[in-house]
Amino acid sequence: MKNFLRWASSQLRGIFFAPVLLDGEAEGGESGRRRPLGRFLYLLKILPWAVAVSALANAVAGYACKFLGPPFHWNNAWMGLAIGVLTGALIGIRVGVPVGVIYAVGLGAGLGVTLGLAGSIGLNTKGYLTLTAGLGVGIGIAVGLGDSAEGDASGSAGDSVQAGWILGGAFGVLVALLAAPLNIIRAVGASGLLDGLETGAAWALLYGMAGGTAFALSFWLTRLRLILYPFDIGTAVLLRLYGSAHPHEFARMLLGYPPIWHEPVLLPLPFMRRLLVALFKQNREEGLRQIALVVARRPSRRRAASAALNEVILDDLQITSMSQMADVADRLGWTTEQPGSLPREFVAVLPLFDRTAQHVGQYLTLNSPYRKSEVLSRALSEISGLQRALIAAGDYLAPRLLKIANDWRALLEAERNIAGRLGGAAREIPNPFVYGNPVMETEHNVFTGRRDVVRQIEASLLGAAQAPTLLLQGPRRMGKTSILNQLPRLLGSDFAVAVVDCQNPAVTGSEATFLRYLSRALSQGLRRRRVSVEALTVAQIGSEPFADFDEWLNNVERAMPEGMRALVCLDEYERLQSALKMGWGASFLNALRHTSQHRPRLVLMFTGAHTFEELGPVWTDRFISARRVRVSFLTRADVELLLTKPIPEFDMSYAGGALDALVAATNCHPFLTQAVAFELVQLLNESQRREATPADVEEAVRRALVSGDAYFVNVWGDAGPEGQAILTALAAGAAPPDFPAARAWLREHDVLGADGDFAVEMLRRWVRAKAAGV
């Protein structure tokens, strides 16, 4: 019995103060809604408690009538109680357990008291008024509490009031319609037909008004918990005063704040924003948890929670030093977990603050003054873009955010001045050489030469009414991807370049994932040319993905201005072989061939280390007319320009024979030239010199053989056993074995030169060291 009473009291608390939480518990938590049988059993368990509460209300009303004078008809009251409880139980089985309990209590008490009074008064005018008003009160209380139990805490106070009056009006009309016939009959018998109709309709309208007004007032009272509102206000004020004196107890104190434990509080309460901000500053994890709880379960408090988030984010952005600026990226890490819940004022600007902070974090860890200056410039560029965005923004937070951005810029500019003085004193050579990664478009000073390749691409594309499909082919690490990255700048505004990395897992996932990835790349390329075309979504690709993609291409062509073409570059195209093995690759290649033949404004370019002939007829049959553009070694003139003036501030010089030694070791191989140049600059900076000697070049080559080992291992593996046998013999100075196919492959991939010897001296040294086990 004690356990039941404890359980029943918890249900009572849930009905009045935590209906949404009670709904989750009563309906099985996160596992889903209970079945009707489960609801019936639950209601059967709680029904005695509901009857007890309703009986208590009837008893209070009955004894109040006994002392005050009006008679109370107990039999009618118990009958009304039974009808109300039974009705509530039926509603609970159909709608939900908490709703059913509330309706059982509200209707049981309301109908019982109403029928008890009306039964004693009789079915006269006063009895009808009492009956309709009592029904309005009983149903209004049940609906008001039941509205909360259904989790409808999202409406504002004004919405609830409006809903109460609308429902009250509807209830009044229903009462009037039900009462009209009986009143008209009574009035006709008493005063004639015309007067009876008029009198009966007037009484019916009066009953409807009584019932509807009683319903609306009781709904408003219970839905907004007006009886408890003064207590809620007082509690909030006391907690604020207590919190000011005991700030270390914010976490415990917030648990007593009315909206935290009292879900249906819809009317405004003071200090919630301040309490949430104070809690966050004291305990970030607990503060975020409470703010998330308010956003998820207290929709009427979302404005206060959003205001608290605003203050929290603004406080995190306030910094006074570079180290604090770098820490902002970590402090704002929580904002990346649920970006959709962020206040909209921060959605656009927080990524810019975050990227600036990450640049500063990198700046603080770098040792090279040149790299530090480069990263600092990126940070200043980000903050400049942020300032422009905030100046144009109309949000009410924009002035405060702009002030913070101005403070960040002042710190960055002061740091740049300090770094500039230190960099000049250190006299370190800037190292712009890109080692291992493709040269990006923004690094155009480091991208040198390739005019022969660019001329071939221009001749094929610019001015041609029907541009051919291109194959940009050459050995690995010859700079093919770097060329692709430069194409937007080299080809100008008439071409929208979309680079598709076929090494991306999305390429081999399925037709749909690949086509979406392809559409995103093309959409991004068009956006660079100020042409807006949304990429394909999952919903837009149905059972015929290639047909859907073809229809999307129609939209692309319509969006492009006259004279513009799109260049779709499939980098590392050999990876599409896996799609062929999966069964849908052939359909994709057919779609590409169809596109190249029937869409002159869409040009295809494949980039890879192999020719179509090497991959077989599945490629040659479809792209027999493709034009091959060979990518091989740089020219001596290009390499000299790259090594002596890669960027304007580069001030390293070469002693006699040093430049020749570097070219002799690399044979102008793009990757190896960059690798040796990178190591050479590092070497001179270590010894604080600015002139490279042949001995320095030799040491840089030795270092590059170690740091670039992955490249040599890759070439060795691709050569195969026969090719490896040829290379081993040549490195040892012996006659190579006669393997014509392997020798042809080595020449095709620039491992061997036209004379049959190593094309690159560094590779000979690597193979010799490997054979010796070094």
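In this convention, every chain numbers its residues from 1, walking through the sequence in written order. The predicted nature of this model means local features are confined to residues of pLDDT at least 70 and side-chain atom pairs, given and counted, to a pLDDT of 80 or more, with totals for whole chains, interfaces and linings taken over all residues. Each side-chain value is derived from all of the structure's non-hydrogen atoms; neither hydrogens nor water enter the calculation.

Which residues make up empty space enclosed by the protein, and what values go with them?
Rolled over the atoms, a probe as big as a water molecule pinpoints where empty space is left. Grid points spaced at 1 Å over the protein atoms alone were grouped into cavities, where a 1.4 Å probe fits but cannot get out, and pockets, open sets with protein on both sides within 12 Å along at least five of seven lines, with lining residues defined by an atom within 4 Å of a point. Grid points are joined across faces, edges and corners, and a volume is the space filled by probe spheres set on the points. Counted by the stated rule, this structure contains four cavities of 30 Å³ or more. Estimates place the volume of the largest cavity at around 180 Å³. A total of four residues in the lining of the largest cavity trace back to one element, the largest contributor, which is helix 32 (residues 709–731). Asp, Glu, Lys and Arg are counted as charged, while Ala, Val, Leu, Ile, Met, Phe, Trp, Tyr, Cys and Pro are counted as nonpolar; the rest, among them Gly, fall into the polar class. Grouping the constituent residues of the lining of the largest cavity by class yields 10 nonpolar, four polar and three charged. When its volume is computed, the second largest cavity comes out at roughly 80 Å³. As for the second largest cavity, its lining consists of Leu518, Leu522, Phe549, Leu553, Val568, Leu570, Leu592, Thr595, Leu602 and Leu604. In this description a helix means any DSSP run of H or I spanning at least four residues, a strand means any run of E spanning at least two, and both kinds are numbered starting from the N terminus. For the lining of the second largest cavity, the elements supplying multiple residues, two or more each, are helix 22 (511–528), helix 23 (545–559), strand 3 (565–571), helix 25 (585–598) and strand 4 (602–608).

Go over the packing of helix 23 against helix 25, please, and point to the residues and values.
Under this scheme, a helix contributes an axis fitted over its contacting stretch, all axes are lines through C-alpha atoms, and angles between N-to-C directions fall in the 0 to 180 degree range. Remark: helix 23 packs on helix 25, axes separated minimally by 11 Å, with the N-to-C direction vectors making an angle of 25°. By the criterion of interaxial angle, the relationship of helix 23 to helix 25 is roughly parallel. In the crossing of helix 23 with helix 25, the sense of the turn from one axis to the other is right-handed. Across the interface between the two elements, Phe546, Asp550 and Leu553 of helix 23 pack against Ser587, Phe588, Ala591, His594 and Thr595 of helix 25. Within the contact of helix 23 with helix 25, the residues separate by chemical class into four nonpolar, three polar and one charged. Roughly parallel means an angle under 35 degrees; roughly antiparallel, over 145; roughly perpendicular, 65 to 115; everything else is oblique. In this scheme the crossing of two helices becomes right-handed for a clockwise turn of the near helix relative to the far one and left-handed for an anticlockwise turn of less than a right angle. Whether two residues touch is decided by their heavy atoms; if any such pair falls within 4.5 Å, the residues are in contact.

Account for the side chain of asparagine 685, naming residues and giving values.
Position of asparagine 685 relative to the elements: it lies in helix 30 (residues 670–686). Exposure classes here rest on a 1.4 Å probe applied to the protein chains alone. A residue is buried below 20% of its type maximum, exposed above 50%, and partly exposed in between. A residue is classified by how much of its surface remains accessible, and asparagine 685, at 15% relative accessible area, is buried. If sequence neighbours within four positions are ignored, asparagine 685 has contacts with Glu428 and Ile429.

Go over the sheet that holds strand 4 with me, naming the residues and quoting the values.
In short, DSSP must find at least two bridges between two strands for them to pair. Taken together, five strands build an open sheet; the order of strands is 2-3-4-1-5 and the sheet is parallel. Strands with a single pairing partner mark the edges of an open sheet, and in this sheet they are strand 2 (495–501) and strand 5 (627–630). Strand-to-strand twist across the sheet, computed as the mean angle between neighbouring axes with direction ignored, equals 20°. Here strand 3 runs beside strand 4; their pairing, made up of six bridges, is parallel. Of the residues in strand 4, the one forming a bridge with leucine 567 is valine 603. The sheet contacts of helix 20 (residues 451–461) involve strand 1 (470–473), strand 2, strand 3, strand 4 and strand 5, and relative to strand 5 the element is tilted by about 160°.

Go over the environment of alanine 512 with me, naming the residues and quoting the values.
Turning to its location among the elements, alanine 512 is positioned in helix 22. On the accessibility criterion, alanine 512 (21% relative accessible area) is partly exposed. As a C-alpha pair, alanine 512 and phenylalanine 546 span 34 residues in sequence and 8.4 Å in three-dimensional space.

Summarise the pairing of strand 2; cite the residues concerned and give the values.
Burial analysis of strand 2 places five of its seven residues in the buried class, which makes it a mostly covered element. Inspection of the sheet shows strand 2 paired to strand 3 by seven bridges, in the parallel sense. Bridge pairing in strand 3 places alanine 496 opposite alanine 566.

Outline the pairing of strand 1, supporting the account with residue identities and numerical values.
Here strand 1 shows two buried faces, one formed by Leu470 and Leu472 and the other by Leu471 and Gln473. The pairing of strand 1 with strand 4 spans four bridges and is parallel. Across the sheet, residue leucine 472 finds its bridge partner in strand 4, namely threonine 607. Note that strand 1 and strand 5 share four bridges and pair parallel. Within strand 5, the position partnered with leucine 472 by the bridge is valine 629.

Describe the packing of aromatic side chains, with residues and values.
Aromatic rings from Phe, Tyr and Trp, taking only the six-membered ring of Trp, are treated as a pair when their centres fall within 6.5 Å; an angle between ring planes under 30 degrees marks them as stacked, one over 60 as edge-to-face, and anything in between as tilted. Throughout the structure, instances matching the rule amount to 19 aromatic pairs. Ring centres of phenylalanine 549 and tryptophan 552 lie 5.8 Å apart, and the angle between their planes is 25°; this geometry places the pair in the stacked category. Linking phenylalanine 549 with tryptophan 552, this pair stays in helix 23, spanning three residues, or about one helical turn. Overall, tryptophan 552 belongs to the buried group, its relative accessible area being 4%. Aromatic pair tyrosine 573 and phenylalanine 612: ring centres 5.4 Å apart, planes at 80°, arrangement edge-to-face. Residue tyrosine 573 is found in the loop between strand 3 and helix 24 (577–582), and its partner phenylalanine 612 is found in helix 26 (residues 612–615); the two are separated by 39 residues along the sequence. For the pair shown, tyrosine 573 and phenylalanine 612 are each scored as buried. In this structure an aromatic cluster arises from ring pairing among Tyr573, Phe606, Phe612, Trp619 and Phe623.

With reference to specific residues and values, describe unusual backbone geometry.
Peptide bonds are trans in most cases, and residues, glycine excluded, mostly fall at negative phi. Even without being a glycine, glutamate 572 presents a positive backbone phi close to 55°. When you line up the elements, glutamate 572 lands in the loop between strand 3 and helix 24. Phi at asparagine 667 takes a positive value of approximately 55°, unusual for a residue other than glycine. Position of asparagine 667 among the secondary structure elements: in the loop between helix 29 (658–666) and helix 30.

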